[in-house]
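# Working through the structure, step by step
These are the residues of each chain, in order.
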Amino acid sequence: MGNQFKNVAIIACLKTLLFVFNIFFWLTGLLILVVGLWAEFDLYKYMELSADFSGTAPHVIIGIAGLIVLISSIAFSCIIKGQPVLLYIYGGFLVCIFMMDAGVGASVVCYRDSFAKGLHDGLSQTISTYDPNKANFDFAQSKLHCCGVSNYTDWIRLSPQRVIPISCCLDTNRCVTANYNDVYQRGCYEVITEYLTNNMNILIGVAIGTAMLPLIGALLSCSLARYIVKSKYDVIT
């Protein structure tokens, strides 16, 4: 009888801890989803200027976040009902999510190391084949207050020589691009590298910060399932 009461107390404690964890994990999934959408619709505009950018990373982050929100939403019912099989399945899903998080984190770190060269090559290629109808480079120049790859002279040195785009202007309402004092002086390579390095650190931080959470949840879930089974066995015996 003493073991039974002990198991019931442990089960109640583990259920509470797992329920609190699941709420936090669900909120984490929403946070990762926001980060993924930001990477897709804002950071993507700069990252795709790199020749090495595949464009799949934001989609993977959004997919993982959606999976976290879905699984953690279903898990509330599993925790309340206390069915061991479902709890073990939930633990297995959490381990899978951990592996995916670790893979995304490693990919972002590796991509950051090779990003600089790909960005320089991509920007140089974008300038040489500049098309005003493709707004990504113009968007980067106007929003990040930069011009050209190294500086505005990159537009002048092209053969045939090109007119410096309006997106390089300090003030688009009063700007003569032939007057070089009216355009941004910093090159986009330096500015975008700095911008992406800072923001990739956010992505890496989120990946590392959330990678260990699924392992904690898997441990709690499997422990709860084990004690529920043990409690039923003690009642029978």
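Further remarks concern the pattern of salt bridges. In this structure the tally under the stated criterion is four salt bridges. In this structure, Arg157 engages Asp154 in a salt bridge whose closest nitrogen and oxygen atoms are separated by 2.7 Å. Residue Arg186 is joined to Glu190 by a salt bridge in which the shortest nitrogen-to-oxygen separation is 3.0 Å. Note on Arg186: relative accessible area 37%, which makes it partly exposed. According to the relative accessible area criterion, Glu190 is partly exposed, its value standing at 46%. Salt bridges here are not isolated pairs; linked through shared partners, they connect Arg186, Glu190 and Glu194.

A cluster of nonpolar side chains, contributed by Phe19, Ile23, Leu27, Leu30 and Ile80, occupies part of the molecular surface with about 410 Å² of accessible area. Ranked by the residues each element gives to the nonpolar patch, the list is headed by helix α1 (residues 2-47), at four residues. Of note, Phe19 is situated in helix α1.

Moving on, we come to the state of the cysteines. Here the structure, examined in full by the defined rule, presents three disulfides. Cys146 shares a disulfide with Cys188; S-S distance 2.1 Å. Disulfide Cys146 to Cys188: torsion about the S-S bond roughly 90 degrees, handedness right-handed. A residue pair is termed long-range when its members are at least 10 positions apart, and Cys146 in the loop between α4 (136-144) and α5 (153-156) and Cys188 in helix α6 (residues 188-211) qualify at 42 residues. Exposure remark for Cys188: the relative accessible area of 0% places this residue in the buried category. Indicated for the protein chain is the disulfide connectivity 1-6, 2-3, 4-5, based on numbering the bonded cysteines in sequence order.

With that settled, the discussion passes to the confidence of the model for the protein chain. The predicted model of the protein chain has a mean per-residue pLDDT of 77, with 76% of residues at 70 or higher. Between the elements of the protein chain, mean pLDDT differs from a low of 74, seen in α6, to a high of 84, seen in α5.

By size, the foremost hydrophobic cluster in this structure holds 25 residues, and its most contacted members are Leu18, Phe21, Phe25, Leu87, Tyr90 and Leu224. Sorting the residues of this core by element identifies α1, α2 (57-81), α3 (84-128) and α7 (213-236) as the ones contributing at least two each. When near neighbours in sequence (up to four residues on either side) are disregarded, Tyr90 contacts Leu18, Phe21, Asn22, Phe25, Ile71, Ala75 and Ser221. Counting 21 residues, the second largest nonpolar core, distinct from the first, contains Leu123, Tyr130, Leu144 and Cys146.

Rules behind the numbers
- Residues numbered from 1 in each chain as written.
- Predicted model: local features only at pLDDT ≥ 70, side-chain atom pairs only at ≥ 80, totals over all residues.
- Heavy atoms only, no water.
- Salt bridge = Lys/Arg side-chain N within 4 Å of Asp/Glu carboxyl O.
- Buried < 20%, exposed > 50% of the residue type's maximum accessible area, 1.4 Å probe, protein only.
- Patch = residues over 30% accessible without salt bridge, like charges linked within 9 Å, V, L, I, M, F, W, Y side chains within 5 Å.
- Areas by Shrake-Rupley, 256 points an atom, 1.4 Å probe, with all protein chains shown as cover.
- Helix = DSSP H or I, 4+ residues; strand = E, 2+ residues; numbered from the N terminus.
- Disulfide = S-S within 2.5 Å.
- pLDDT = per-residue confidence, 0-100.
- Core = buried A, V, L, I, M, F, W, Y, C linked by side-chain atoms within 4.5 Å.
- Contact = heavy atoms within 4.5 Å.

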